[in-house]
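Coordinate inspection notes
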Amino acid sequence: FLSKVVATRRLLPDSQARLERQENIDLVQWQGDNTMPRDQLLKDIKGAEALICMLSDKIDKEVLEAAGPQLKLVTTLSVGFDHVDLKTAKEKNIKIGYTPEVLTDATADLAALLTLAAARNMKQGIDAVQNGGWQDWRAAWLCGHQFTGKTLGVVGLGRIGQAVAKRLGAFGIDRLIYWGRTKKEGVDGELVSMDELLKDSDFVLVCCPLTPDTKEMFDYEAFKKMKKNAIFVNISRGGVVKQDDLARALKEKLIAGAGLDVTTPEPLPLDDPLQSLDNCVVLPHIGSATFETRETMCGMMIDNVLAVLEDKAIPYELKR
Ligand code: 8YV
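Below is a short write-up of the structure. No experiment lies behind these values; they were computed from the predicted model shown.

1. A short note on the pattern of salt bridges
Evaluated as defined, the whole model comprises 22 salt bridges. Residue Lys225 pairs with Asp195 through a salt bridge whose shortest N-O separation is 3.1 Å. Of this pair, Lys225 sits in helix α9 (residues 220–225) while Asp195 sits in helix α8 (residues 194–200), and the two are 30 residues apart along the sequence. Relative accessible area serves as the criterion here: at 40%, Lys225 is assigned to the partly exposed category.

Here's what the structure looks like:
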């Protein structure tokens, strides 16, 4: 007898093959390159025992109810879970699977890349080379900001935040300060107030989850408190930033630059004010996108599915 499993995407090759090999699974999988349309998900999820989903799928009450009472697991290809209605899932006794830890290095690498790119005017540099702006050499042309002796402020010094701090430490960062709910033991950094972090940091790195507390915490007032030479980097969720305020702050040169892997909405529309700012580097939410990491993440989702179908504890469960 077959268990229905819905996947809103294809997985990486090894994991895809493994999923297709499972003889006890009736796999219903979206094959398109784009996000599985919501009406399709609402239809397909009916009768499913497990759902394999991703960040761009909104797993709200309507989806969980459309599934029916046999749904046991929602497992997501992410460490973030702000796209899942945890409250309804709990009420319905649906387990949540996620992919912590394995994406720390890949995401921290990308955060370092974005910090460097924003600090060293990579967007203007590439544009100059490609569009004829590289004509002459001037001493001050495309000068950016160096790390040596500077202060790094991390908002949310969890696993990823610490891994980014380690990477940027190698570039000469002198002082690490952070803001968060708890003091981190064994970390060579200082827990400070948000005001202090904004005032003292040369690089502000956002690595915290999106919650009602962190929603739009970076607004015009926050950017106004930052240094004029500050570089703002966000690899968490677009929702922690009031994006129009960020665009305004960059335009008015309240801060020097920004590097973003996450925006609101995603994809970022071509006519969004951030697109035309040469001091804002935007990447399309690819923090965990390395072959190694994504294959591992896909494998974890399958481990979760196989466990739940055998009524076993799932190995990568979000404990609530
Ligand atoms: C996602 C992410 O995995 O893990 C997260 O929370 O934001 C990314 O690593 C990726 O966008 C696919 O959902």
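Right, picking up where we left off after that structure.
2. Focus: the site of the ligand
Near the ligand you find Leu55, Leu77, Ser78, Val79, Gly80, Leu103, Arg237, His285, Ser288, Arg294 and Met297, and these make up its full shell. In the model, an oxygen atom of the ligand is placed 2.6 Å from a nitrogen or oxygen of the Arg237 side chain. Starting from 330 Å² of accessible surface for the ligand in isolation, the protein chains cover 89%. Residues that form the shell around the ligand fall into these classes: five nonpolar, four polar and two charged.

3. Quick notes on the sheet that holds strand β10 (residues 231–234)
Spatially, seven strands are ordered β8-β7-β6-β9-β10-β11-β12 in an open sheet, and the strand pairing comes out parallel. Edge positions in the sheet fall to β8 (190–191) and β12 (280–282), since each of these pairs with one other strand and no more. Pairing of strand β6 (residues 151–155) with strand β9 (residues 203–206) involves four bridges; the strand directions are parallel. Paired with Val155 across the strands is Val206, a residue of β9. Along the sheet, helix α10 (residues 243–251) makes contact with β10, β11 (257–260) and β12, crossing β11 at roughly 145°.

4. Some remarks on the environment of Asn24
In this fold, Asn24 is placed in the loop between α1 (13–21) and β2 (25–29). Remark: the alpha-carbon pair of Asn24 and Glu196, spanning 172 residues in sequence, is separated by 56 Å. Ignoring any residue separated from it by four or fewer positions in sequence, one finds Asn24 in contact with Phe1, Leu2, Ser3 and Leu309.

Cut-offs used in this document
- Residues numbered from 1 in each chain as written.
- Predicted model: local features only at pLDDT ≥ 70, side-chain atom pairs only at ≥ 80, totals over all residues.
- Heavy atoms only, no water.
- Salt bridge = Lys/Arg side-chain N within 4 Å of Asp/Glu carboxyl O.
- Helix = DSSP H or I, 4+ residues; strand = E, 2+ residues; numbered from the N terminus.
- Buried < 20%, exposed > 50% of the residue type's maximum accessible area, 1.4 Å probe, protein only.
- Near = heavy atom within 4 Å.
- Polar contact = N/O pair within 3.5 Å; in protein donor to acceptor, adjacent residues only side chain to side chain.
- Areas by Shrake-Rupley, 256 points an atom, 1.4 Å probe, with all protein chains shown as cover.
- Nonpolar A, V, L, I, M, F, W, Y, C, P; charged D, E, K, R; others polar.
- Pairing = 2+ DSSP bridges.
- Contact = heavy atoms within 4.5 Å.
- Axes fitted to C-alpha atoms, helices over the stretch in contact; angles between N-to-C directions.

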